[in-house]
Structures are given as structure tokens and as C-alpha cells.
Amino acid sequence: MAKLIADISKHNGTVTMATMAKKVDGLIIRAGYRSAGSGTLTTDPKWATNIKNAVKQSLPVGVYWWTTAKSTAEAKAEAEYLLNLISGYTLSFPVWLDLEYYDTKRTGRADNLSKANRTQYAVAFLEAIEAAGYDAGVYCNKDFWSDSLDNSQLQTYARWIARYGSSCGVDCDMWQYTSSAKGSTYGASSDNIDLSHCYTDFISGAKSQFATATTTTEEETHDMDTLRKGDKGQQVRALQMLLGGLTVDGIFGTNTETAVKAWQNNYGLDADGICGPKTWAAILGG
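Model, not experiment: these values are computed from the prediction. (Residues numbered from 1 in each chain as written. Predicted model: local features only at pLDDT ≥ 70, side-chain atom pairs only at ≥ 80, totals over all residues. Heavy atoms only, no water.)

Caption draft 1: Summary view of the overall build of the protein chain. Each helix and strand counted, the protein chain has eight helices and nine strands in total. Over its C-alpha trace the protein chain gives a radius of gyration of 21 Å, about what one expects of a compact globule, namely 19 Å for 286 residues. If one aligns the C-alpha atoms of the protein chain with their principal axes, the spans along those axes are about 65 × 40 × 35 Å. Taken over 286 residues, the protein chain has a buried fraction of 47%. The contacts of the protein chain with a sequence gap of at least 6 include a subset with a gap of at least 24, amounting to 57%. Per element, the accessible surface of the protein chain, about 13700 Å² overall, is 46% carbon and sulfur. (Helix = DSSP H or I, 4+ residues; strand = E, 2+ residues; numbered from the N terminus. Rg over C-alpha atoms; globule rule 2.2 N^0.38 Å. Buried < 20%, exposed > 50% of the residue type's maximum accessible area, 1.4 Å probe, protein only. Contact = heavy atoms within 4.5 Å. Areas by Shrake-Rupley, 256 points an atom, 1.4 Å probe, with all protein chains shown as cover.)

Right, here's the structure in full:
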């Protein structure tokens with residue numbers, strides 16, 4: 001069952017955590033940001049109060065950072081700044097990188113980056129976070145994910161997608177489905193508050209469904225399902241990564257089926273495009 005998660009920043013004003021703790025399963029708190037104009041690294045004014053009060057209420061917490069990095073060096077500097085802020089806190093969720101435009105006219109310092117550069121700097125940040133021992137993930141809206149990022153470079157990171165309506169439209173760990181929940185209901189002094197459905201049980205220690213599959217040794221067994229055209233999910237992603245040359249989107253479509261058939265032909269197997277035990281053995285052993 002999906003868990004209910006709220007996210008907050010200075011824009012939500014004063015938050016009564018005793019009320020929040022009764023309403024949600026977890027809380028994602030903005031730790032800071034790089035300003036869209038001067039590029040100054042800034043701690044969210046409510047960060048210290050929010051994190052301390054949430055911890056006092058035993059609320060599972062996570063953090064996010066809003067980026068306007070314009071170089072790999074800036075992205076790494078943002079990660080270092082954030083790591084200093086969260087040092088000493090136990091996080092129940094991945095560290096999220098908030099990727100979005102400053103405004104609709106795209107006047108922010110990083111709003112006109114190329115898709116390739118924006119993705120490059122995002123990966124630099126995420127890699128620095130993971131190198132420090134944290135899980136890392138991307139937050140953005142559905143259109144940004146589809147149009148403003150080379151998301152093929154972000155397939156192994158946790159994914160938190162915003163889309164307000166009846167469905168998310170992107171396979172994700174968390175879906176931010178509203179930005180207009182009544183703030184006072186959740187203890188916030190702001191009029192509205194963001195809410196998300198969390199499908200991955202991060203609180204219990206689960207990893208993102210998009211996390212890179214680990215390499216097994218010869219003594220280990222591979223408990224893989226039989227996969228065929230139309231299947232979706234993490235095992236399909238693992239298969240696509242092993243086959244190579246495919247978009248790793250977790251959807252077993254025509255291209256994946258064709259690639260499976262090629263492996264089957266190479267190993268003298270029945271080229272039916274279905275990845276069963278014999279085909280898995282060929283791919284994993286190849």
C-alpha cells in the first residue's frame with residue numbers, strides 16, 4: 001500500500017509537527033538551494049527547525065535540494081553543502097535533487113541549459129551524494145522528466161515525479177499528486193501543501209525500484225521471472241541493461257523482444273523472444 005508523504009520548505013511557514021505526524025507517513029524537507037539569480041548557496045530558513053521538530057515527533061524524514069548548477073563543479077559544491085547540512089541525521093528516504101525551472105519565462109540562471117548539460121550536472125550531484133553513502137533520487141514534474149532531461153542517463157536513480165491529476169504518467173517511486181492540499185489540515189500555516197504517494201517502502205529500508213541490479217557470483221542463483229512482450233518492471237530494466245543498446249525503461253516492447261531473439265539465435269535457442277530460464281542463463285553467462 002502506498003504511503004502518504006508531505007514535502008515542506010520555508011514557503012509552508014510554521015509547521016506544527018505534532019499535527020503533521022498524525023496525518024502523514026513521512027516528510028521530505030527542503031534543506032536548501034542555489035539561488036536562481038546570484039547563484040548563492042543558501043540554507044532553507046526553516047530547515048533546522050523543521051528537521052529537529054520532525055525528528056522529535058519520530059516522523060520518518062528525507063531531504064531535497066533545489067539546484068541551479070551551471071557546471072559540474074557547481075553541482076559537486078551543492079552536494080558538499082547539502083551533505084554538511086544533513087550530517088548527523090538519519091534519513092528514511094533518498095536525498096532528492098529538485099530539478100525545475102525558476103519561472104515560466106525561464107529567467108533563472110540555469111533555466112536555459114541544454115538537456116545534455118543539465119543532465120550531466122544532475123548526475124555529478126547524484127554521484128557525489130551516493131559516494132557519501134546515501135541513496136539519491138531525482139524530483140521533477142512529468143514534462144520536465146520527458147522534455148528537459150536526458151532521462152536515459154538517470155534510469156538507476158530513485159524517481160519522484162510531480163503531476164497533478166488522476167495519474168502520474170511515469171513509472172516512479174513517488175508521485176506528487178497535488179500541491180493544493182489544505183495546509184492547516186497538516187499543521188502548516190501556509191494555505192496549501194504538497195502531498196505524494198510513495199510506492200517504494202523506503203521507510204522499511206527498501207531501495208528504489210530503479211536501483212542498479214547487483215552483480216552475483218557463480219555460487220549464487222538467479223531467481224528471475226520469465227519475461228515476455230508487454231511485461232513491465234525492475235526485472236525488465238535489469239534485462240535491458242544486460243542486453244545492451246536498449247533504452248532502459250522497464251517496458252518489454254518490440255526492441256527488447258528483438259534483442260532477446262538475437263541472443264537466442266546466437267546461443268542456439270528457440271528464438272521466441274521470451275526470456276525464460278535458458279535465455280536468462282545464456283544472457284547472464286554470456
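Caption draft 2: View of the environment of Gln-235. Within the secondary structure, Gln-235 is located in helix α6 (residues 234-243). For Gln-235 and Gln-209, which are 26 residues apart along the polypeptide, the C-alpha to C-alpha distance reads 9.4 Å.

Caption draft 3: Quick look at the packing of α6 against helix α7 (residues 254-266). Contact geometry for α6 and α7: axes closest at 11 Å, N-to-C directions at 55°. Between α6 and α7, the angle falls in the class oblique. Judged by the sense of rotation from one axis to the other, the crossing of α6 with α7 is left-handed. Residues Leu-239, Gln-240 and Leu-243 of α6 form the contact with α7, whose participating residues are Thr-256, Ala-259, Val-260 and Trp-263. Here the residues of the contact of α6 with α7 sort into five nonpolar, two polar and no charged. (Axes fitted to C-alpha atoms, helices over the stretch in contact; angles between N-to-C directions. Parallel < 35°, antiparallel > 145°, perpendicular 65-115°, else oblique. Left-handed = near helix turned anticlockwise from the far one by under 90°. Nonpolar A, V, L, I, M, F, W, Y, C, P; charged D, E, K, R; others polar.)

Caption draft 4: Representation of helix α4 (residues 115-131) in the model. The terminal C-alpha atoms of α4, which comprises 17 residues, lie 24 Å apart, in line with the 24 Å expected from a rise of 1.5 Å per residue. Three or more residues of α4 are buried, namely Arg-118, Thr-119, Tyr-121, Ala-122, Val-123, Ala-124, Phe-125, Leu-126 and Ile-129. Next to the buried residues of α4 lie β4 (61-66), α3 (72-86), β5 (95-98), β6 (136-141) and α5 (142-147). Positive backbone phi, approximately 100°, marks Gly-133, located one or two places after α4. (Expected span 1.5 Å × (residues − 1).)

Caption draft 5: Structural detail: α7. Here α7 contains 13 residues, and its C-alpha end-to-end distance of 19 Å stays within 8% of the 18 Å for a straight helix at 1.5 Å per residue. A positive phi of about 70° marks Gly-268, the residue just after α7.

Caption draft 6: Focus on the pairing of β6. Along β6, five of the six residues are buried, which leaves the element largely enclosed by surrounding structure. For β5 and β6, the ladder comprises four bridges, and the chain directions are parallel. Bridging across to β6, Asp-98 finds its partner in Tyr-139. As for the winding sense of the linkage, the β-α-β connection from β5 through α4 to β6 is right-handed. Summarising the sheet, β6 and strand β7 (residues 158-162) pair through five bridges and their orientation is parallel. Within β7, the residue paired with Gly-137 across the bridge is Ala-158. Taken together, β6, α5 and β7 constitute a β-α-β crossover, and its handedness is right-handed. (Pairing = 2+ DSSP bridges. Right-handed = clockwise from strand over helix to strand, strands pointing away.)

Caption draft 7: Up close: the packing of aromatic side chains. As enumerated under the stated definition, the model contains 11 aromatic pairs in all. When the centroid spacing of 5.6 Å and the interplanar angle of 5° are considered together, the rings of Trp-263 and Tyr-267 count as stacked. Among the aromatic side chains, those forming a connected cluster through ring pairs are Tyr-64, Phe-93, Trp-96, Tyr-139, Trp-160 and Phe-202. The ring of Tyr-101 has Arg-106 lying over it, and the distance from NZ or CZ to the ring centre is 3.9 Å. The ring of Phe-210 has Arg-159 lying over it, and the distance from NZ or CZ to the ring centre is 3.8 Å. (Phe/Tyr/Trp six-rings, centres within 6.5 Å; stacked < 30°, edge-to-face > 60°. Lys NZ or Arg CZ within 6 Å of the ring centre and 35° of its normal.)

Caption draft 8: Representation of the pattern of salt bridges. This structure, assessed with the given rule, holds five salt bridges. Glu-74 is paired through a salt bridge with Arg-34; the nearest N and O atoms lie 3.9 Å apart. Taken together, the positions of Glu-74 in helix α3 and Arg-34 in strand β2 (residues 26-34) put the pair 40 residues apart, joining distant regions of the chain. Like Glu-74, the residue Arg-34 is buried in the burial classification. (Salt bridge = Lys/Arg side-chain N within 4 Å of Asp/Glu carboxyl O.)

Caption draft 9: Seen up close, the nonpolar core. Ranked by size, the top nonpolar core spans 55 residues in total, and within it Met-20, Leu-27, Leu-82 and Phe-125 carry the most contacts. Discounting residues that sit within four places of it in the chain, Leu-82 has contacts with Ala-31, Val-63, Trp-65, Val-95, Phe-125 and Ile-129. Among the nonpolar cores identified, the runner-up in size contains 12 residues, and Tyr-64, Trp-160, Met-174 and Cys-198 belong to it. (Core = buried A, V, L, I, M, F, W, Y, C linked by side-chain atoms within 4.5 Å.)

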